[in-house]
Amino acid sequence: MSKIGRTFPGISGPKRILVTGASGGLGSALARVHAAPGVSLCLWGRDRARLDAAADQCRALGSAVEVRSLDLADGEAALDALRAEDADMRFDMAYLVAGRGDTRAPGQRIESAGLALRLGQVNFSVPAAMASELVQHMAERGGGRVVLIGSAAGQHALPFAAAYAASKAGLARYAQALRIAAAPLGVSVTLAAPGFIDTPAGRAVPGPKPLLLGADEAARRIARAAMAGKGHFVTPWPFAALRVIDRMLPTGLRARLLRGLAPPGG
Ligand SMILES: NC(=O)c1ccc[n+]([C@@H]2O[C@H](COP(=O)([O-])OP(=O)(O)OC[C@H]3O[C@@H](n4cnc5c(N)ncnc54)[C@H](OP(=O)(O)O)[C@@H]3O)[C@@H](O)[C@H]2O)c1
C-alpha cells in the first residue's frame, strides 16, 4: 500500500497518476509518495537520466511507470502529449510540478524580457492549459484531482524575482477560478504554495531559507492536502500568515521591505 493509502485508508487512492517535473526534487518525491502495487505512474521531465532514476525508485515500490521526456516551452506539443497519454491511461490524479525558479541575474537591476517570457510559459501558461485539459477529461469520466504547484513567493511582489512571483501568482488565481468551475463536475483542483524546499533548485537560490522543508516532507504534506480536497494549501503555515501581513502593509513600507529581501548580489 502507498504512503497515501495508509494515511487515507477510507478513501480509494488514485490509480493512474501524471507527475510533471518528476526528474526534479519535489516531483520525484510526490511520485514516491503514491508509488505502490496497483498504481500506474506517468512521469514527465526533461533530463532523461534523472527521470529514469525517479522511475526506477517508483518501480521498486511496486508501481508500473511510463516516462516521457519533453520541454514544456512547446505548449502545443505538451498538450498533444497530454491528450495521447490521457487517452491511454485515463488519469484520475495529476500533479503539475514542473517549473523554473530563476531570479534576476546578479548585477541586473531589472529582470530580462527573456526570463519573463520563459517563466510565463513554463510556470504559468502551460500548466494552466494542462490543468484545464485534464479537468475536461476527468469531468467526462466523473471525477479526479488536479494539483498545481505554486509557491509562497507568489504571494509577494518580489522585485528580484518578478517573473517567478507573478507566474506563481497567476497560477494561484487560475487554480482558484478553475476550482470553482470544476467542483460541481466532481474534479478537485488544489494549489499548493510551499515555502522553501530542500531540492537542488531550492539550494541554488541565494540567501537564507527559513523553515526549509525536506522534499519528502513537502511531498507528503502536499499529497495529504490534495487527497483531503484542500483548495489553496500554504506550507509551512507561517507563510500563510506572511500573506496576510503583506496585504495589510502600507504600499511604501511594503516596497522598502521587499527591496530589502534581494539576495546578496541580486
Ligand atoms: N525548491 C523550492 O524551494 C520551491 C519552493 C516553492 C515552490 N517550488 C516549486 O516546486 C516545483 C518543483 O521544484 P523543485 O524544487 O523540485 O525544482 P527542480 O528539482 O529543479 O525540479 C524542477 C522540475 O521542473 C522541470 N522543468 C523545468 N523546466 C522545464 C521545461 N521547460 N520543460 C519540462 N520540464 C521542466 C525539471 O525538469 P529537468 O530537471 O529534467 O529539466 C524538473 O523536473 C517548481 O514548480 C517550483 O517552482 C519549489
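The shown structure was predicted, so the numbers you read here are calculated from the model rather than taken from an experiment.

### Quick notes on the site of the ligand
- Taken together, 29 residues sit near the ligand, with S23, D47, D71, L72 and T199 positioned nearest.
- Between an oxygen atom of the ligand and a side-chain N or O atom of T199, the distance comes to 2.6 Å.
- In the complex, 90% of the free accessible area of the ligand, which totals 880 Å², lies under the protein chains.
- Of the residues in the shell around the ligand, the class split is 13 nonpolar, 10 polar and 6 charged.

### Quick look at the packing of helix 2 (residues 25-34) against helix 8 (residues 215-227)
- Following both chains from N to C, one finds helix 2 and helix 8 inclined at 60°, their axes separated by 8 Å at the closest point. Considering their axes alone, helix 2 and helix 8 lie oblique with respect to each other. Seen along the crossing, helix 2 lies across helix 8 with a hand that is right-handed. Between helix 2 and helix 8, the contacting residues are G25, L26, A29, L30, R32, V33 and H34 on the first element and A215, D216, A218, A219, R220, I222, A223 and M227 on the second.

### A look at the packing of aromatic side chains
- On inspection of all chains with the given rule, the structure shows 2 aromatic pairs.
- Aromatic side chains F124 and Y174 sit 6.1 Å apart centroid to centroid with 80° between the ring planes, which places their arrangement in the edge-to-face category. Of the two residues, F124 sits in helix 5 (residues 113-141) while Y174 sits in helix 6 (residues 162-182), which places them 50 residues apart along the sequence.
- With a centroid separation of 6.1 Å and 70° between ring planes, the pair formed by F196 and F239 is classed as edge-to-face. Of this pair, F196 sits in the loop between strand 6 (187-194) and strand 7 (197-198) while F239 sits in helix 9 (residues 238-248), and the two are 43 residues apart along the sequence.
- Taking the relative accessible area as the measure of exposure, F196 reaches 28% and is therefore partly exposed.

### Quick look at the sheet that holds strand 9 (residues 232-235)
- The sheet built from 7 strands is open, its strands ordered 3-2-1-4-5-6-9 with parallel pairing. Only two strands of the sheet have a single partner each, and these edge strands are strand 3 (64-69) and strand 9. Strand-to-strand twist of the sheet, defined as the mean angle between neighbouring strand axes without regard to direction, takes the value 15°.
- Packed on one face of the sheet, helix 3 (residues 48-60) meets strand 2 (40-45) and strand 3 and runs near 170° to strand 3.
- Packed on one face of the sheet, helix 6 meets strand 5 (144-149), strand 6 and strand 9 and runs near 160° to strand 6.

### Here's the deal with the environment of V244
- Its location among the elements puts V244 in helix 9.
- Overall, the relative accessible area of 49% leaves V244 in the partly exposed class.
- Residues V244 and Q155, spaced 89 residues apart in sequence, show a C-alpha to C-alpha distance of 9.1 Å.

### Regarding the nonpolar core
- Ranked by internal contacts, the top residues of the largest apolar core, which has 35 residues, are L26, L30, L41, L43, Y95 and I222.
- Secondary structure elements with two or more residues in this core: strand 1 (16-20), helix 2, strand 2, helix 3, strand 4 (93-96), strand 5 and helix 8.
- Tallying contributions element by element places helix 8 first for this core, with 8 residues.
- Aside from chain neighbours lying at most four places away, what touches L26 is V97, I149, I197, T199, A215, A218, A219 and I222.

### A look at the packing of helix 5 against helix 6
- Between helix 5 and helix 6, the shortest axis-to-axis distance is 9 Å and the interhelical angle comes to 15°. If you check the angle between helix 5 and helix 6, you find them roughly parallel. When the axes of helix 5 and helix 6 are compared, the crossing they make is right-handed. Across the interface between the two elements, L115, A116, L119, N123, F124, P127, A128, A131, S132 and V135 of helix 5 pack against A163, Y164, S167, K168, G170, L171, Y174, L178 and A182 of helix 6.
- Residues that form the contact of helix 5 with helix 6 fall into these classes: 14 nonpolar, 4 polar and 1 charged.

### Observations concerning the pattern of salt bridges
- Applying the stated rule across the entire model yields 14 salt bridges.
- Between R50 and D47 there is a salt bridge whose closest N-O contact spans 3.5 Å.
- D47 sits in the partly exposed class, given a relative accessible area of 29%.
- Between D102 and R100 there is a salt bridge, and its shortest N-O distance comes to 2.8 Å.
- Connected through salt bridges with shared partners, the residues D80, R83 and E133 form a single ionic network.

### Concerning helix 2
- Most of helix 2 sits out of view: 8 of its 10 residues are buried.
- Taken residue by residue, helix 2 has L26, G27, S28, A29, L30, A31, V33 and H34 as its buried positions.

What counts and what doesn't
- Residues numbered from 1 in each chain as written.
- Predicted model: local features only at pLDDT ≥ 70, side-chain atom pairs only at ≥ 80, totals over all residues.
- Heavy atoms only, no water.
- Near = heavy atom within 4 Å.
- Polar contact = N/O pair within 3.5 Å; in protein donor to acceptor, adjacent residues only side chain to side chain.
- Areas by Shrake-Rupley, 256 points an atom, 1.4 Å probe, with all protein chains shown as cover.
- Nonpolar A, V, L, I, M, F, W, Y, C, P; charged D, E, K, R; others polar.
- Axes fitted to C-alpha atoms, helices over the stretch in contact; angles between N-to-C directions.
- Helix = DSSP H or I, 4+ residues; strand = E, 2+ residues; numbered from the N terminus.
- Parallel < 35°, antiparallel > 145°, perpendicular 65-115°, else oblique.
- Left-handed = near helix turned anticlockwise from the far one by under 90°.
- Contact = heavy atoms within 4.5 Å.
- Phe/Tyr/Trp six-rings, centres within 6.5 Å; stacked < 30°, edge-to-face > 60°.
- Buried < 20%, exposed > 50% of the residue type's maximum accessible area, 1.4 Å probe, protein only.
- Pairing = 2+ DSSP bridges.
- Core = buried A, V, L, I, M, F, W, Y, C linked by side-chain atoms within 4.5 Å.
- Salt bridge = Lys/Arg side-chain N within 4 Å of Asp/Glu carboxyl O.

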